[in-house]
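# Secondary and tertiary structure notes
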Amino acid sequence: MIAPVLPPFLDVGGTAVFALSGALLAARLNQTFVTCAFFALLTGVGGGSVRDAMLGVPAFWLRDFWVVPVILTMALIAWFTPRKWWEGSWLEWADAVGLALFSTLGVAKALAFDVAPLAAIILGIVTGCVGGIVRDVIAGVPSILMRPELYVTAAALSSSLCGVMILLGMQQGLAMAIAALAGFTLRGAAMYWKIELPAYSREVSD
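Predicted model only: the values in this text are computed from it and were never measured.

### Here's the deal with the packing of aromatic side chains
If you walk through the whole model with that rule in mind, you get six aromatic pairs. Ring geometry for phenylalanine 33 against tryptophan 79: centres 6.1 Å apart, planes inclined by 70 degrees, an arrangement best described as edge-to-face. Of this pair, phenylalanine 33 sits in helix 2 (residues 33-55) while tryptophan 79 sits in helix 3 (residues 67-80), and the two are 46 residues apart along the sequence. Each ring, one from phenylalanine 60 and one from phenylalanine 102, has its centre 6.4 Å from the other, and the planes form 85 degrees; the classification is edge-to-face. A residue pair is termed long-range when its members are at least 10 positions apart, and phenylalanine 60 in the loop between helix 2 and helix 3 and phenylalanine 102 in helix 5 (residues 90-112) qualify at 42 residues. Comparing phenylalanine 60 with phenylalanine 102 shows no difference in burial state: the two are buried. By the ring-pair criterion, three or more aromatic residues cluster together here, those being Phe18, Phe60 and Phe102.

Shown next, in the form of structure tokens:
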């Protein structure tokens, strides 16, 4: 099968912002540089690696020279940046950018490999969410998946919009840009205004 034609910087760009979020979390937890780099690696390539494994192709970062240097650079940035500069919501905003980028990239790559539309959208969600979930689990903090915030919902919006627009014939790059902006906007609005999904609270009557 011929590899799909996708913007070459997107995997590296999405990896960079996700890697930064992982490294920032490790720094926030007062870990060593080795741990920061490890968190950056897991977070940066986690979602894309799962996507590629499900597509039956080599993980994207194994054949891209720039991925590992970019990950190490993000770890260095997190390590040497004074805590007061990023102690606020930098982690959440970096994660939101990575979520939006990887969700659109995941569905676009899946469609390029002739995956069924709904399955491709699910792969987009997986690509966007898995890195952050792995980061939280390894760090021992409550996973974003288990909180009522609009996280998976934002990934679903990006992935669905991107998939639908590509299937309708829109130019791939434009579809990915619009979908990524939509997902990032939803995630950003949810963080800023504390928008959450209602939790299950059904009570069984006697």
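Read on for the rest.
### Focus on the pattern of salt bridges
Applying the stated criterion across every chain yields a total of six salt bridges. A salt bridge links aspartate 95 to arginine 135, with the shortest nitrogen-to-oxygen separation between them at 2.8 Å. Pair noted here: aspartate 95 is in helix 5 and arginine 135 is in helix 6 (residues 117-139), with a separation of 40 residues, a long-range link. Residue classification places aspartate 95 among the buried positions, given a relative accessible area of 4%. Note on arginine 135: relative accessible area 6%, which makes it buried. As a salt-bridge pair, glutamate 149 and arginine 187 come within 3.2 Å of each other at their nearest N and O atoms. Of this pair, glutamate 149 sits in the loop between helix 6 and helix 7 (152-167) while arginine 187 is found in helix 8 (residues 172-193), placing the two residues 38 residues apart along the sequence. By sharing partners, the salt bridges in this structure join Arg51, Asp52 and Lys109 into a single network.

Calculation notes
Residues numbered from 1 in each chain as written. Predicted model: local features only at pLDDT ≥ 70, side-chain atom pairs only at ≥ 80, totals over all residues. Heavy atoms only, no water. Phe/Tyr/Trp six-rings, centres within 6.5 Å; stacked < 30°, edge-to-face > 60°. Helix = DSSP H or I, 4+ residues; strand = E, 2+ residues; numbered from the N terminus. Buried < 20%, exposed > 50% of the residue type's maximum accessible area, 1.4 Å probe, protein only. Salt bridge = Lys/Arg side-chain N within 4 Å of Asp/Glu carboxyl O.

None of this, on its own, says anything about what the molecule does.
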